Amino acid sequence: MCSIIGYLGANQAAPILVRGLKRMEYRGYDSVGVATFSENQISVRKGVGKVAEVNSAAQLDALSGTVGIGHTRWATHGVVTESNAHPHPSSSGELAIVHNGIIDNYADLKKDLQQKGYVFKSETDSEAIANLLQYNFDQTKEIKKSMVSTVDQLKGNYAFVAVFEDGTLAAARLHEPLIIGVGKGGYFISSDVLGFIEHTDEVIYQDNREFVIINSTGIQIFDFEGNPVQHQITKVSKELADAYKGDYAHFTLKEISEQPITILKAGDNTKLELDLITEFVKHAKNLYITGSGTSYNAALVAKHLFSKYAKIKIEPLISSEVQYSPNYFDHQSILIAVSQSGESADVLEAVDIAKKDGAKIVSIVNIMTSSLVQRSSISVGLNCGPEIGVAATKSFTSQLAILYKIADKLCGGCMGLDFNKVSESIYKILSDHSKIQSIAKKLKDISDIYVLGRGIHFPVALEASLKLKEITYIHAEGLPGGELKHGPLALMDSNVYVIIINPNDSTYTDTLASAHEIKARGAKILGISDRPNEVYDYWIEIPTISEALFPLIEIIPIQLLAYYSAIEKDTDPDYPRNLAKSVTVK
Ligand code: F6R
């Protein structure tokens with residue numbers, strides 16, 4: 001997703017902006033650019049590709065000036081080209097902007113501004129902000145007034161930062177993140193704390209419908225009507241600064257490897273919150289759980305846990321679908337929202353619909369400063385540290401761990417949770433990658449993988465197939481074992497690989513029968529199990545653990561398999577094509 005950074009201070013801006021953009025690379029992007037103000041003019045350099053590539057081709061960090069803005073773009077309006085990359089100067093070049101989000105009324109604004117003589121050079125919606133702000137500045141000759149008029153006329157979701165020709169920065173936010181960093185050497189403004197954490201851990205969380213003006217005399221924050229607002233400076237966790245790969249080849253591998261620890265940290269020090277959530281859930285008339293992608297798969301696991309162990313019915317909702325099925329929620333409803341980032345637009349929208357209808361929101365989230373936390377009555381933190389790899393790995397098992405804790409509280413401790421045992425089991429799986437690496441070589445040239453599981457293992461099969469398709473680009477599909485004969489069996493032949501999630505539990509015999517049916521059609525079988533069987537062409541052993549806990553460990557070898565298959569295919573597991581870490585647009 002687009003990332004924004006701005007800087008005004010005592011140091012050269014461009015190197016700070018480029019480093020900040022590099023630290024936010026994990027959010028996903030296709031092009032990059034920087035603009036600085038120096039000697040009464042604004043200079044822009046930009047290009048298509050990774051920050052390092054564009055920087056070495058266009059010398060972004062050589063721009064001079066102590067004020068500037070930077071951006072990585074994830075295309076929404078307009079193809080991936082240099083002219084569509086940000087920053088976008090206004091037609092006179094007296095200001096330039098960077099933008100994250102979508103301007104719904106850009107076509108009308110563009111037409112109107114073109115009629116007034118403002119020239120557009122890109123296909124983006126964002127350029128409408130630059131020319132609208134310029135138009136309002138031309139009318140008022142005042143930055144504050146021009147910001148008030150501009151935010152009044154823009155429709156959509158946005159965070160934008162503008163640099164003006166007098167060296168002032170101005171930035172506004174509406175439903176997109178924007179955080180101000182207050183450092184000794186200057187001010188920062190960014191979509192993500194990671195953009196400036198190496199310079200300062202003192203931040204101001206700008207609220208929705210607010211804009212900020214930063215110049216050499218200081219910083220002023222206003223609401224969209226232009227009334228001054230005050231904010232406290234707060235400190236963020238220095239742990240965020242930890243977002244380096246260390247000795248690992250990729251963030252994805254580092255994050256997979258952290259799971260024996262992160263599983264133990266999930267929901268740390270949240271006994272009070274977990275007790276409260278348990279009470280809420282017990283008394284809810286209607287109980288829902290929502291998320292997108294991996295977080296939704298965690299929600300599907302929760303459905304099994306709650307019904308099997310706590311005898312409570314919880315309905316999982318795909319966040320992006322909630323808007324099409326209104327009337328789910330009322331004052332007696334609880335919605336549990338699961339999200340790593342806490343910024344997924346689809347999740348926030350589902351939450352807003354539920355809140356409007358009176359539901360109480362409980363969230364399970366990694367980024368405790370996120371928009372989701374602000375919208376929730378109670379939040380429990382995953383505590384797994386920054387997850388940089390675009391594909392969710394450690395956040396999935398941490399989400400599960402918290403959902404397990406809630407289910408266990410609901411049934412009065414009936415699940416006998418032993419997270420130390422889970423942690424040891426994950427260590428064991430991670431202690432030898434060689435077998436998985438050699439299987440990954442076989443997957444290199446295949447075009448279809450199916451992942452099969454029954455009962456609680458079916459959502460894990462869905463999550464496994466999501467990992468495989470995201471980072472290997474191999475078509476992968478999760479299937480409930482029993483559905484095979486209702487259609488998918490037609491696809492089984494010798495070109496197909498099927499991963500069977502088959503721990504030795506109550507689903508074992510039925511799943512084994514499915515494996516035989518597949519084998520009879522010539523497909524290759526890869527069994528993930530604590531019990532060997534001759535039907536498996538390849539067997540990846542997982543430790544035996546109590547039945548409830550298998551989902552927490554059986555996903556690990558498949559995460560590794562997806563990672564090593566990506567390496568075999570020479571794709572970048574950390575930054576899969578077309579995907580973004582934090583999907584802040586609908
Ligand atoms: C999958 C993945 C995505 C996210 C989804 C929701 O590996 O990373 O499917 O799970 O975009 O993101 P969050 O959890 O941040 O709301």
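Whatever comes next refers back to the structure up there.
Residues numbered from 1 in each chain as written. Predicted model: local features only at pLDDT ≥ 70, side-chain atom pairs only at ≥ 80, totals over all residues. Heavy atoms only, no water.

Caption draft 1: Inspection of the overall build of the protein chain at higher detail. Looking only at helices and strands, the protein chain features 17 helices and 25 strands. In summary, the protein chain has a C-alpha radius of gyration of 25 Å against a globular reference of 25 Å for 586 residues, a match within 12%. Counting only C-alpha atoms, the protein chain reaches 75 × 50 × 45 Å along its principal axes. Evaluated residue by residue, the protein chain yields a buried proportion of 61% over its 586 residues. Each charge class in the protein chain was averaged separately, 56 positive and 69 negative side chains, and the resulting centres sit 2 Å apart. (Helix = DSSP H or I, 4+ residues; strand = E, 2+ residues; numbered from the N terminus. Rg over C-alpha atoms; globule rule 2.2 N^0.38 Å. Buried < 20%, exposed > 50% of the residue type's maximum accessible area, 1.4 Å probe, protein only. Lys, Arg positive; Asp, Glu negative; His and termini not counted. Charge placed at Lys NZ, Arg CZ, Asp CG, Glu CD.)

Caption draft 2: Quick look at the side chain of Asn 136. Within the secondary structure, Asn 136 is located in helix H4 (residues 127–140). Relative accessible area serves as the criterion here: at 5%, Asn 136 is assigned to the buried category. In this structure Asn 136 touches Lys 141, Ser 146, Ser 149, Thr 150 and Gln 153, once residues within four positions along its chain are discounted. (Contact = heavy atoms within 4.5 Å.)

Caption draft 3: Local environment of the packing of helix H8 (residues 271–283) against helix H12 (residues 394–410). Taken N-terminus to C-terminus, the directions of H8 and H12 make an angle of 60 degrees; their axes are 10 Å apart at the nearest point. One finds that H8 runs oblique with respect to H12. Along this stretch, H8 crosses H12, giving a crossing that reads as right-handed. From H8, Lys 271, Leu 274, Asp 275, Ile 277, Thr 278, Val 281 and Lys 282 reach across to H12, where they touch Ile 402, Lys 405, Ile 406, Lys 409 and Leu 410. Residues belonging to the contact of H8 with H12 are distributed by class as follows: six nonpolar, one polar and five charged. (Axes fitted to C-alpha atoms, helices over the stretch in contact; angles between N-to-C directions. Parallel < 35°, antiparallel > 145°, perpendicular 65-115°, else oblique. Left-handed = near helix turned anticlockwise from the far one by under 90°. Nonpolar A, V, L, I, M, F, W, Y, C, P; charged D, E, K, R; others polar.)

Caption draft 4: Inspection of unusual backbone geometry at higher detail. Here the amide bond leading from His 86 into Pro 87 is cis, since omega sits at -5 degrees, within 30 degrees of zero. Examined against the element boundaries, Pro 87 turns out to sit in the loop between strand S4 (67–73) and strand S5 (88–89). Of note in this structure, Glu 39 is not a glycine but carries a positive phi near 50 degrees. By the secondary structure assignment, Glu 39 is in the loop between strand S2 (31–38) and strand S3 (41–48). Judged by relative accessible area, which is 74%, Glu 39 ranks as exposed. Residues other than glycine seldom take positive phi values, yet Asn 383 does so here, at roughly 65 degrees. Structurally, Asn 383 is set in the loop between strand S20 (378–381) and H12. Among the residues examined, Asn 383 registers a relative accessible area of 34% and is labelled partly exposed.

Caption draft 5: Broad picture of the site of the ligand. In the vicinity of the ligand, 14 residues are found, and the nearest of them are Ser 295, Ser 339, Gln 340, Ser 341 and Ser 344. Ser 341 places a polar side-chain atom, nitrogen or oxygen, 2.6 Å from an oxygen atom of the ligand. Protein burial of the ligand: of its 400 Å² of free accessible surface, 90% is covered by the chains. Here the shell around the ligand is built from residues that sort into four nonpolar, eight polar and two charged. When we break the shell around the ligand down by domain, the ones giving at least three residues each are domain 2 (244–417) and domain 3 (431–572). (Near = heavy atom within 4 Å. Polar contact = N/O pair within 3.5 Å; in protein donor to acceptor, adjacent residues only side chain to side chain. Areas by Shrake-Rupley, 256 points an atom, 1.4 Å probe, with all protein chains shown as cover. Domains from an automatic or database assignment.)

Caption draft 6: A look at the packing of H12 against helix H17 (residues 550–568). Relative to each other, H12 and H17 sit at 175 degrees, their axes nearing to 10 Å. Overall, the two elements H12 and H17 adopt an arrangement that is roughly antiparallel. Contacts from Phe 396, Thr 397, Leu 400, Ala 401 and Tyr 404 of H12 reach H17 at Pro 551, Leu 552, Ile 555 and Ile 556. Looking at the contact of H12 with H17 residue by residue, the classes come out as eight nonpolar, one polar and no charged.

Caption draft 7: The arrangement of helix H9 (residues 293–310) in detail. The end-to-end C-alpha distance of H9, which contains 18 residues, comes to 25 Å, matching closely the 26 Å that a straight helix rising 1.5 Å per residue would cover. Across the 18 residues that make up H9, a large majority, 13, are buried. Among the residues trailing H9, Lys 311 stands out with phi positive, at a value near 55 degrees. (Expected span 1.5 Å × (residues − 1).)

Caption draft 8: Representation of the sheet that holds strand S13 (residues 218–223) within the structure. Strands sit in the order S5-S6-S7-S8-S12-S13-S14 across an open sheet of seven strands; the sheet is antiparallel. Edge positions in the open sheet fall to S5 and strand S14 (228–229), since each of these has one partner strand only. Here strand S12 (residues 210–215) pairs with S13 via six bridges, running antiparallel. Each bridged residue has a counterpart across the sheet, and for Glu 210 the counterpart in S13 is Asp 223. Sheet strands in contact with H4 are S5, strand S6 (95–103) and strand S7 (156–164), and its direction is about 130 degrees off that of S6. (Pairing = 2+ DSSP bridges.)

Caption draft 9: Structural detail: the state of the cysteines. In total, this model carries one disulfide according to the counting rule given. One disulfide bridge connects Cys 411 with Cys 414, the sulfur atoms lying 2.1 Å from each other. Note on the Cys 411 and Cys 414 pair: the S-S dihedral is about -95 degrees, so by sign convention the disulfide is left-handed. (Disulfide = S-S within 2.5 Å.)

Caption draft 10: Quick look at the pairing of S7. Most of S7 sits out of view: eight of its nine residues are buried. Both S6 and S7 contribute to a ladder of nine bridges, which runs antiparallel. Its bridge partner lying in S7, Ile 103 is registered against Gly 156. Looking at chain direction, S7 and strand S8 (residues 169–174) are connected through five bridges and run antiparallel. Bridge pairing in S8 places Val 163 opposite Leu 169.

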